[in-house]
Structures are given as structure tokens and as C-alpha cells.
Amino acid sequence: MAHVAIKDIYKNYGAVRALKGIDFEINDGEFVALVGPSGCGKTTLLRMIAGLEDITGGEIHIAGRVVNDLQPKARDIAMVFQNYALYPHMKVADNMSFSMQLAGAPKDEIKTKVEEAARILNLENYLDRYPRELSGGQRQRVAMGRAIVRNPKVFLFDEPLSNLDAKLRVSMRAEIKALHQRLGTTAVYVTHDQIEAMTMADKIVVMSEGHVEQVGTPLELYDEPQNLFVAAFIGSPSMNLMEATVTESGLKIGSFPEIATQSYDWLPTGKEIVVGMRPYDFAIGDTGLKLDVSVTEPTGVETQVAGHIEGKPVTCLFKERVSGRYGDTMHVTPNGPLHVFDKETGQRLGTAFTVTKH
Ligand code: ATP
């Protein structure tokens, strides 16, 4: 197990500035997800922790020592790749133990370690097979087994589930989370899938365009996104974002009646803001914001309504079984926390709570 510190890390590929000063810490035993859209630099950062990319500037510390100039094999890390990277001509047991064989470990020790990893991963009956004789999920487990037998200080995962179908992804993410809780090894997990990050990680680092937007627990990011980027990125369906103006006693979106809120010092009358409302935080009524329905999608447990308010796309989720089709209108009123952002800077100003007018 190990504490990892990323200190003011920069990475340039020629003129491309892939990372622009990344700073965060990973506590001993923590599972940290690096998440962000394609091209934001998460794989580059992971590969720098692994020692597979040179560091342009800054320092990476693993277990208290600077590893910038250490070879990958001297860093005591194990990496699990998206494409599994298994040796096709080796059986599962040999794939898992190859690094130990290379290191000249005693045969007994190799056998014990492989059996232990196979037991943890439910691979006991597959040790004698070749990778081509396995399903995608089983291959991914072999790749994890190979990492486990090395007993590393840090696990590095590079989008390990993206080659699996949706159902298998869900079960494998639970397996990886359970595995981490069992082994307690520090883990860094790269994904572009925010649901994967939310469900698995102790802490999430949200990245965009080579910098960190926010670091926090999944629920901190969900409840208090620090800027519009994180607000739009975390949560599925995404937070609804609408421009609004602060009035004497609330907020006003376009020409709609005011949404009455408690009063706050940070919410001065007349200020132009962007208000964020989660899809679950609406009630259907006879008055309120007019929602032009595009489509309703019932799933049994809830109904998702997609449409537009003031021409802006909006998605609402209702516990009620509402019906509606393209061209219909309904009225909705926000009834949850209102996330308030500065329209100019995109930074969070605070959370406003609605009040019912009497
Ligand atoms: P994805 O989810 O698509 O894998 P990512 O967040 O992992 O994206 P990176 O692969 O880290 O992104 O890439 C970050 C930036 O660095 C991108 O703009 C990419 O084009 C650039 N980049 C990555 N590798 C190289 C390279 N070898 N040479 C030049 N530019 C590169």
C-alpha cells in the first residue's frame, strides 16, 4: 500500500500541452478515479505514474519517494490495460505468473500466489486455458490476476472495462470494487464513464483540457459541483442548466413566474446567474415552468421526460407514471436544491433552497 502525490505535473508532446499543472494526493489504500472527456489527459497522467511517459515538469511521489527517474519496474506498480494485454500463447496460470517467473521466484511461491489470485477472481477452473478460450470478462479477470500476484504498492487501471458489454461492465465494476475493498491496495482508475467513477471510487479527480476541475468524493461532486463543467459532467442524466436573474425574493428564468428562494448574501438582486437543477428535483403542477415535451420514456420505476424550457434542453425524472408525447406541454416547478453558478466565470456561488409562497 502507498500514498501517491502528484505535484504540479506538466506534460508537453512537442507543441501539445497535454497536462498543465496537475496537483492532488491519493491516500494510502484509496481508490481514485481520474475521469474526464476524451483527450483531457487522464491516460497520459496514469502512464506518467506508471513510468511509461517522461515527465515534463513537476514530481510524482509513490510511498514517500520521488519516482520521476525510476524505471516502471522499480516503481512497484501493476497496470491493468483496456485491451488486457495477455500473452496469447500462454495459459492463464502462466499469464498470471509470468512476472514472478521472470523475477526467478520459487515455484512453490508462484503456485500459491496464482492459486490465491485465481480463488479471489473465481478463475480456479480456467487456469489451464488459453486467453482465446475465455470470455471478455474472464480475460479481464486474468489481467487483474496478473496484477494481484505481483502484490504491488499501487494498481493502475486504464479503462479496464470499456471492451465489455454493458451488462458485464456493471458486474465487473462491482467485482473490482469488492476486490479493492478486500485487498486495500491504493488504486488509480482511468475512465471516461462518470457512472463508473461515481460507483467505484473513494475520490474522483475530474479533469478537462489538461487540468483538474475538481477533486472530491462522489457525493461531494454531485452535491456541490464547483463549476459548470463538473455540474454538467457528473450525474446521469446531466444537471439541467438555465440562465436566470436574481430577484428580490428568488430567481427568475426568462418570462416565467419567479422561483421563490430563501435569501442569501451571495445572491444579490439583479445578478445574472446560471441555475442548475437535477432531473429528480422537479414537481409536476398546474403552474411553473412550461416544459415542451419531446419524448417520455417510462422504465416502470420512473418516467424520464425530455423536452425544452425556454428553448433549452431539459430532462426531468418523475416517480409518477406520467404520459406525454412530442408537442405536449406540462408545467414543472423545481423542488430540490438550486445550484447557483456565476454566469461570467462559471464558478459555483452556492446552493439556494426554494420556499413555498403563501
Ligand atoms: P481518451 O479518453 O480518449 O483516452 P485521455 O483523457 O486519456 O483521452 P490522453 O490520451 O491522455 O487523453 O491525451 C491527452 C492529450 O495529449 C490529447 O490532446 C492527445 O491528443 C495528446 N497526446 C497524447 N499522446 C500523444 C503523443 N504521443 N503525441 C502527441 N500528443 C499526444
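Summarised in this report is the structure supplied together with it. Bear in mind the structure is a predicted one, so any value in this text is a computation, not a measurement. (Residues numbered from 1 in each chain as written. Predicted model: local features only at pLDDT ≥ 70, side-chain atom pairs only at ≥ 80, totals over all residues. Heavy atoms only, no water.)

Overview of the layout of surface pockets
Okay, so step 1: Counted as a void, the largest pocket has a volume near 480 Å³.
Okay, so step 2: If you trace the largest pocket, you find 17 residues lining it, with I77, A78, M79, S99 and R150 closest to the centre.
Okay, so step 3: Counting residues per element, the ones that place at least two in the lining of the largest pocket are β6 (77-80), α2 (92-102) and α4 (136-149).
Okay, so step 4: Split by residue class, the lining of the largest pocket holds 13 nonpolar, one polar and three charged.
Okay, so step 5: Looking at the second largest pocket, its volume works out to about 330 Å³.
Okay, so step 6: Surrounding the second largest pocket, 16 residues form its lining, E258, I259, A260, T333 and V355 being those nearest its centre.
Okay, so step 7: Looking at the lining of the second largest pocket, the elements that each hand over two or more residues are β13 (259-260) and β19 (329-334).
Okay, so step 8: Here the element with the most residues in the lining of the second largest pocket is β19; it accounts for three residues.
Okay, so step 9: In terms of residue class, the lining of the second largest pocket is built from eight nonpolar, six polar and two charged. (1 Å grid on protein atoms, 1.4 Å probe; cavity = no way out; pocket = protein on both sides within 12 Å on 5 of 7 lines; lining within 4 Å. Points joined across faces, edges and corners; volume = space filled by probe spheres on them. Helix = DSSP H or I, 4+ residues; strand = E, 2+ residues; numbered from the N terminus. Nonpolar A, V, L, I, M, F, W, Y, C, P; charged D, E, K, R; others polar.)

Here's the deal with the site of the ligand
Okay, so step 1: Every residue close to the ligand is listed here: Y13, A18, P37, S38, G39, C40, G41, K42, T43, T44 and E159.
Okay, so step 2: Between G41 and the ligand, the recorded distance is 2.9 Å, taken from a backbone N or O atom to an oxygen atom.
Okay, so step 3: T44 has a polar side-chain atom sitting 2.5 Å from an oxygen atom of the ligand.
Okay, so step 4: Here the ligand, which alone exposes 630 Å², has 57% of that area covered by the protein.
Okay, so step 5: When residues in the shell around the ligand are grouped by element, the largest group, three residues, is from helix α1 (residues 42-50). (Near = heavy atom within 4 Å. Polar contact = N/O pair within 3.5 Å; in protein donor to acceptor, adjacent residues only side chain to side chain. Areas by Shrake-Rupley, 256 points an atom, 1.4 Å probe, with all protein chains shown as cover.)

Remarks on the nonpolar core
Okay, so step 1: M96, M144, F157, I176, I204 and V206 are the most contacted members of the largest nonpolar core, which has 44 residues in total.
Okay, so step 2: Of all the elements, α4 adds the most residues to this core, at six residues.
Okay, so step 3: For F157, the residues in contact, after removing those within four places along its chain, are L46, V80, M144, I176, A187, V188, Y189 and V190. (Core = buried A, V, L, I, M, F, W, Y, C linked by side-chain atoms within 4.5 Å. Buried < 20%, exposed > 50% of the residue type's maximum accessible area, 1.4 Å probe, protein only. Contact = heavy atoms within 4.5 Å.)

Some remarks on the packing of aromatic side chains
Okay, so step 1: What the rule picks out here adds up to seven aromatic pairs.
Okay, so step 2: With a centroid separation of 5.0 Å and 65° between ring planes, the pair formed by Y87 and F98 is classed as edge-to-face. Of the two residues, Y87 is situated in the loop between β6 and α2 and F98 in helix α2; the sequence distance between them amounts to eleven residues.
Okay, so step 3: For F98, a relative accessible area of 23% gives the class partly exposed.
Okay, so step 4: Summarising the aromatic geometry, the rings of F157 and Y189 are spaced 5.5 Å apart at their centres and angled 45° between planes, so their arrangement reads as tilted. Of this pair, F157 sits in strand β7 (residues 154-158) while Y189 sits in strand β8 (residues 186-191); the two residues are 32 residues apart in sequence, bridging distant segments of the chain. Considered together, F157 and Y189 belong to a single accessibility category, that of buried residues. (Phe/Tyr/Trp six-rings, centres within 6.5 Å; stacked < 30°, edge-to-face > 60°.)

Let's talk about the pattern of salt bridges
Okay, so step 1: Tallying each qualifying case throughout the model produces twelve salt bridges.
Okay, so step 2: K91 is paired through a salt bridge with D128; the nearest N and O atoms lie 3.7 Å apart. Within this pair, whereas K91 is found in the loop between β6 and α2, its partner D128 is found in the loop between α3 (107-120) and α4, the two being separated by 37 residues in sequence.
Okay, so step 3: One continuous salt-bridge network, built from bridges that share partners, spans K11, R47 and E53. (Salt bridge = Lys/Arg side-chain N within 4 Å of Asp/Glu carboxyl O.)

Some details on the sheet that holds strand β12 (residues 250-252)
Okay, so step 1: Spatially, β13-β12-β11-β14-β20-β21 is the arrangement adopted by the six strands of the open sheet, whose pairing is antiparallel. Of all strands in the sheet, those with a lone pairing partner are β13 and β21 (348-352), marking the two edges.
Okay, so step 2: One ladder, built from six bridges, connects strand β11 (residues 240-246) with strand β14 (residues 272-277); its direction is antiparallel. Residue N240 lies in a different strand from β14, and its bridge partner there is M277. (Pairing = 2+ DSSP bridges.)

As for the pairing of β8
Okay, so step 1: Summarising burial for β8: six of the six residues are buried, a large majority.
Okay, so step 2: Residues T186, V188 and V190 of β8 are buried on one face, and the alternating residues A187, Y189 and T191, pointing to the opposite face, are buried as well.
Okay, so step 3: Pairing analysis gives five bridges linking strand β3 (residues 31-35) to β8, with the strands arranged parallel. Within the sheet, the bridge partner assigned to V32 lies in β8 and is V188.
Okay, so step 4: Pairing analysis gives five bridges linking β7 to β8, with the strands arranged parallel. For D158, the partnering residue across the bridge sits in β8 and is V190.
Okay, so step 5: On the question of chirality, the crossover connecting β7 to the parallel β8 by way of helix α5 (residues 166-183) is right-handed. (Right-handed = clockwise from strand over helix to strand, strands pointing away.)

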